[in-house]
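Coordinate inspection notes
This is what each chain is made of:
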Amino acid sequence: MNHWLVKSEPFKYSWDHLVAEKTGVWDGVRNYAARNNLMSMKVGDLVLFYHSNEGKEVVGLARVSKEHYPDPTTDDPRWVVVELQPVEKFPKTVTLEQVKADKRLQHIPLVTQSRLSVQPIGKPEFDIIVSLAHD
DNA sequence: GCCAACGTTGGC
DNA sequence: GCCAACGTTGGC
């Protein structure tokens, strides 16, 4: 199983929005690197949910409930979506500041490639963030 | 196929 | 609101 981190501006699509919908369609990705990551997602993969701009923190955990299919918001066949379901709202959010301050997390894409909206994350780093969220 | 111009993202 | 990083577009 792989682990991921997705980013969303809470103004556009927030964690609470995902919880309210129960199943969220992750649409609107228009970047090849992010798209390739979407296409690598498997049902059951765990996904950290990060709020960019406002908050700048990891707020919860989701899982992939449906693998990629063509993005219904465009006729362009290059773009795909996946579906996500909320798993857990973290008792404590993990801020970007915390991530940057942690030596073990210096090399994750959230830090090194801040613009990528769908990122892979290693199991060890994933576990570190989850444990920070339960401190 | 290169590269300059331009647009967007996202942290500060 | 600014700006750095970086992706995309289009002229050559």
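Residues numbered from 1 in each chain as written. Chains lettered and ligands numbered in written order. Predicted model: local features only at pLDDT ≥ 70, side-chain atom pairs only at ≥ 80, totals over all residues. Heavy atoms only, no water.

An unreviewed UniProt entry annotates chain A as EVE domain-containing protein of Ravibacter arvi.

Side note on the overall build of chain A
Counting its secondary structure elements, chain A contains five helices and six strands. The secondary structure elements of chain A, listed N-terminal to C-terminal, are β-α-β-α-β-β-β-α-α-β-α. Taking 14 Å as the expected radius of gyration for a compact globule of 135 residues, we find that chain A reaches 14 Å, a close match to that expectation. With 135 residues in all, chain A has 45% of them scored as buried. A separation threshold of at least 6 residues defines the contact pool for chain A, and within that pool the share at least 24 residues apart is 67%. Between the centroid of the 17 positive side chains of chain A and the centroid of its 18 negative side chains there is a distance of 3 Å. (Helix = DSSP H or I, 4+ residues; strand = E, 2+ residues; numbered from the N terminus. Rg over C-alpha atoms; globule rule 2.2 N^0.38 Å. Buried < 20%, exposed > 50% of the residue type's maximum accessible area, 1.4 Å probe, protein only. Contact = heavy atoms within 4.5 Å. Lys, Arg positive; Asp, Glu negative; His and termini not counted. Charge placed at Lys NZ, Arg CZ, Asp CG, Glu CD.)

Some thoughts on the nonpolar core
Ranked by internal contacts, the top residues of the largest apolar core, which has 20 residues, are Val6, Trp26, Leu38, Met41, Phe49, Leu84 and Val118. Residue assignment for this core shows that the elements contributing at least two residues are strand E1 (3–8), helix H1 (15–21), helix H2 (32–40), strand E3 (46–51), strand E4 (57–70) and strand E5 (80–95). If near-sequence neighbours (up to four positions away) are discounted, Phe49 is found in contact with Val6, Ser8, Tyr13, Ser14, Trp15, Leu18, Trp26, Glu57, Val58, Val59 and Gly60. Counting residues in hydrophobic clusters, the runner-up holds 19 residues, among them Tyr50, Leu61, Leu132 and Ala133. (Core = buried A, V, L, I, M, F, W, Y, C linked by side-chain atoms within 4.5 Å.)

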